[in-house]
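Read off the chains here:
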Amino acid sequence: MDADIQEIRGRATAEIDQVSSPEGLDRFRVTFLARKGLVAQLFESLKTVPPAEKPRVGKALNELREYVQGLHDRRAADLTASGAGRHAPDLTLPGRTRFAGSRHPLTRVLDEIKEIFVSMGFAIADGPEIEDDYHNFGALNFPPDHPARDMQDTFFLDANALLRTHTSPVQIRVMEVMQPPIRHIMPGKVYRNEAINARSYCMFHQVEGLCVDRGVTFSDLKGTLIAFIKEFYGPSLKYRFRPTFFPFTEPSADIYITCFMCGGRGCRICKQSGWLEILGCGMVDPAVFRSVGYDAERYTGYAFGMGIERIALLRYGIDDIRLFFQNDVRFLSQF
Ligand code: 2U9
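Starting from 1, residues in each chain are numbered consecutively following that chain's sequence as written. Residues qualify for local features only when their pLDDT is at least 70, as the model is predicted, and side-chain atom pairs are given and counted only at 80 or more; totals for whole chains, interfaces and linings, by contrast, use all residues. Values shown for side chains rest on all heavy atoms present in the structure; no hydrogens or waters enter the calculation.

### Some words on the packing of aromatic side chains
Any two rings among Phe, Tyr and Trp, with Trp reduced to its six-membered ring, count as a pair given centres within 6.5 Å; such a pair is stacked if its planes are under 30 degrees apart, edge-to-face if over 60, and tilted if neither. Under the criterion given, the structure shown has 19 aromatic pairs. With a centroid separation of 4.5 Å and an interplanar angle of 20°, the aromatic rings of Tyr201 and Phe325 are classed as stacked. Here Phe325 lies in the loop between α10 (308–316) and α11 (329–332) and Tyr201 lies in the loop between β5 (182–191) and β6 (203–213), a separation of 124 residues in the sequence. The class of Phe325 is partly exposed, set by a relative accessible area of 22%. Between Phe232 and Tyr233, the aromatic rings sit 4.8 Å apart at their centres with planes inclined by 80°, giving edge-to-face as the arrangement. The pair formed by Phe232 and Tyr233 is uniform in burial state, with each residue classed as buried. One aromatic cluster is present, built from ring pairs that chain together Phe117, Phe122, Phe228, Phe232, Tyr233, Phe260, Tyr302 and Phe304. Charge over a ring is defined by NZ of Lys or CZ of Arg lying within 6 Å of the ring centre and within 35 degrees of the ring normal. In this arrangement the basic side chain of Lys222 is found over the ring face of Phe241, its NZ or CZ atom lying 5.5 Å from the centre. Its end group placed over the ring of Tyr256, Arg242 keeps NZ or CZ at 5.5 Å from the ring centre. Put simply, DSSP marks the helices as runs of H or I at least four residues long and the strands as runs of E at least two long, and each gets a number from the N terminus on. We call a residue buried when its accessible area falls under 20% of the maximum for its residue type, exposed when it is over 50%, and partly exposed in between, using a 1.4 Å probe and counting protein chains only.

Here it is in structure tokens:
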């Protein structure tokens, strides 16, 4: 019996070296390790061993089985690692095109705007999209009967929880925890209860900005925003400021640039006016400073806001705002 064990051990050791394919490995397994293989046959002969010898021979047989199984398993691992037995690659096949991802057009516009303001010393702030009435309206000097507070314009979650309609509440929260000087922009999603069509959507993105310190003037506002416009739209573009009204700024202005579709002659895009509105801005209303406990005699500030979808629509000549939110690869892969 001991001689048989030695012989099979020797054969297995020699034969495993000849195995170079999965088929060969399977033949080795059938010969040595299968239910009727050589190792199993030796176990069968254990019955004929005298009882006093059985423990020692049984142990030797177990060691043999483990040894042969080890030879088999190591060979299997070697074959997988070397790739033997897999089909060789066909080097004549044409290459596969790899898809490179691209940034969403809104992300591109947002990143560019952020970079310009950060380079001018603004920090980036963010805050919750679910807001309370006070931070979204009250602190921003919206009168109680302002139409924006209507269910038709604002998504209310309950009596005092709503989806923010602008990112201005983030600035209120910044001022609640910081003293001037403040120079922050806040990019983010905002929500309006509007009918969905090619021009408007129930959610869009804004970037707003706020600068508060002693002695901040309308000239600072103009200098900063004109520098932004020249950087973002190009240095030779014409622009104009026109007075407007916002509850949270006084005085307030909208900024327009020459329509880059028609060069100012008038077209469908600029509704024949030759001008495109790109930004709203103004000096922060003292009532807003009083809400956050700032001394309105001591501090002044300017604020501004812009809608990102509108800028991206104009920049890339897109005619339907819904394309931004459908995640259609045929649209996105163009950027
Ligand atoms: C505080 C005080 C004042 C932010 C401002 C605008 C003007 C503005 C619109 C642009 C297009 C919204 O996306 S849009 O529909 N925004 O014109 N936003 S001033 O003023 C603030 C902000 C925070 C505490």
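### Details of the pairing of β5
The element β5 is extensively covered by neighbouring structure, given that eight of its 10 residues are classed as buried. At least two bridges found by DSSP between two strands are what make those strands a pair. In terms of strand pairing, strand β1 (residues 123–124) meets β5 through two bridges, oriented parallel. When the bridges of β5 are listed, Ala123 appears paired with His184.

### Some details on the side chain of His72
Along the chain, His72 turns up in helix α4 (residues 54–82). The buried category is assigned to His72, whose relative accessible area is 12%. Setting aside anything within four residues of it in sequence, one finds His72 in contact with Ile16, Leu25, Phe28, Arg29 and Leu33. We call two residues in contact when some of their heavy atoms are within 4.5 Å.

### With respect to the sheet that holds β5
Backbone-to-backbone hydrogen bonds pair the strands of a sheet. The strands run either parallel or antiparallel. Read from one edge of the open sheet, seven strands run β1-β5-β6-β10-β9-β8-β7, paired in mixed fashion. Taken across any chain shown, the strands that pair with only one partner, and hence form the sheet edges, are β1 and β7 (239–246). As paired elements, β5 and β6 share 10 bridges and run antiparallel to each other. Along β6, the bridge assignment pairs His184 with Leu210. Taken strand by strand, helix α8 (residues 218–233) contacts β7, β8 (249–258), β9 (275–284) and β10 (300–307), and its axis lies near 150° from that of β9. Orientation is described by lines fitted to C-alpha atoms, with helices fitted over the stretch in contact, and by angles between N-to-C directions that extend from 0 to 180 degrees.

### A look at the pattern of salt bridges
Any two side chains of opposite charge can pair if their charged atoms end up close together. Whenever Lys or Arg places a side-chain nitrogen within 4 Å of a carboxyl oxygen from Asp or Glu, that contact is recorded as a salt bridge. Tallied over the full model, the rule gives 13 salt bridges. Here Arg56 makes a salt bridge to Asp2, at a shortest N to O gap of 3.2 Å. Placement of Arg56 in helix α4 and of Asp2 in helix α1 (residues 2–16) is noted, with a sequence separation of 54 residues between them. Residue Arg56 is classed as partly exposed on the basis of its relative accessible area of 42%.

### Structural notes on the site of the ligand
Nearness is defined per residue: one heavy atom within 4 Å of the molecule or strand is enough. Neighbouring the ligand are 18 residues, the closest being Gln206, Phe246, Gly280, Ala303 and Gly305. Gln206 is positioned with one of its side-chain polar atoms (N or O) 2.9 Å from an oxygen atom of the ligand. Between a nitrogen atom of the ligand and a main-chain N or O atom of Gly305, the distance comes to 3.5 Å. Here the Shrake-Rupley method, with its probe set to 1.4 Å, supplies the accessible areas, and only the displayed protein chains count as covering residues. Contact with the protein chains removes 89% of the 570 Å² of surface that the ligand exposes when unbound. Counting only elements with at least two residues in the shell around the ligand, the list comes to α7 (168–177), β6, β9 and β10. Residues are grouped as follows: Ala, Val, Leu, Ile, Met, Phe, Trp, Tyr, Cys and Pro are nonpolar; Asp, Glu, Lys and Arg are charged; every other residue, Gly included, is polar. In the shell around the ligand, the residues fall into 11 nonpolar, six polar and one charged. Identification of polar contacts relies on pairs of N or O atoms within 3.5 Å, with a donor-acceptor requirement for protein atoms, meaning one able to donate a hydrogen and the other able to accept it, and with residues adjacent in sequence counted only if both atoms are side-chain atoms.

### Section: the state of the cysteines
Disulfides are defined in this document as cysteine sulfur pairs within 2.5 Å. Tallied over the full model, the rule gives zero disulfides. Of all cysteine sulfurs in the structure, the one in Cys259 sits closest to Cys262, which takes part in no disulfide; the separation is 3.6 Å.

### Brief notes about the packing of helix α5 (residues 105–119) against α8
Running from N to C, α5 and α8 point in directions that differ by 135°, and their axes come no closer than 10 Å. The pairing of α5 with α8 is recorded here as oblique in orientation. Handedness of the crossing formed by α5 with α8: right-handed. Here α5 contributes Val109, Glu112, Ile113, Ile116 and Phe117 to the contact with α8, which in turn contributes Thr224, Leu225, Phe228, Glu231 and Phe232. Per-class residue counts for the contact of α5 with α8 are seven nonpolar, one polar and two charged. For this classification, under 35 degrees means roughly parallel, over 145 means roughly antiparallel, 65 to 115 means roughly perpendicular, and everything else is oblique. Crossings are sorted by hand: turned counterclockwise from the far helix by less than a right angle, the near helix makes the crossing left-handed, and turned clockwise it makes it right-handed.

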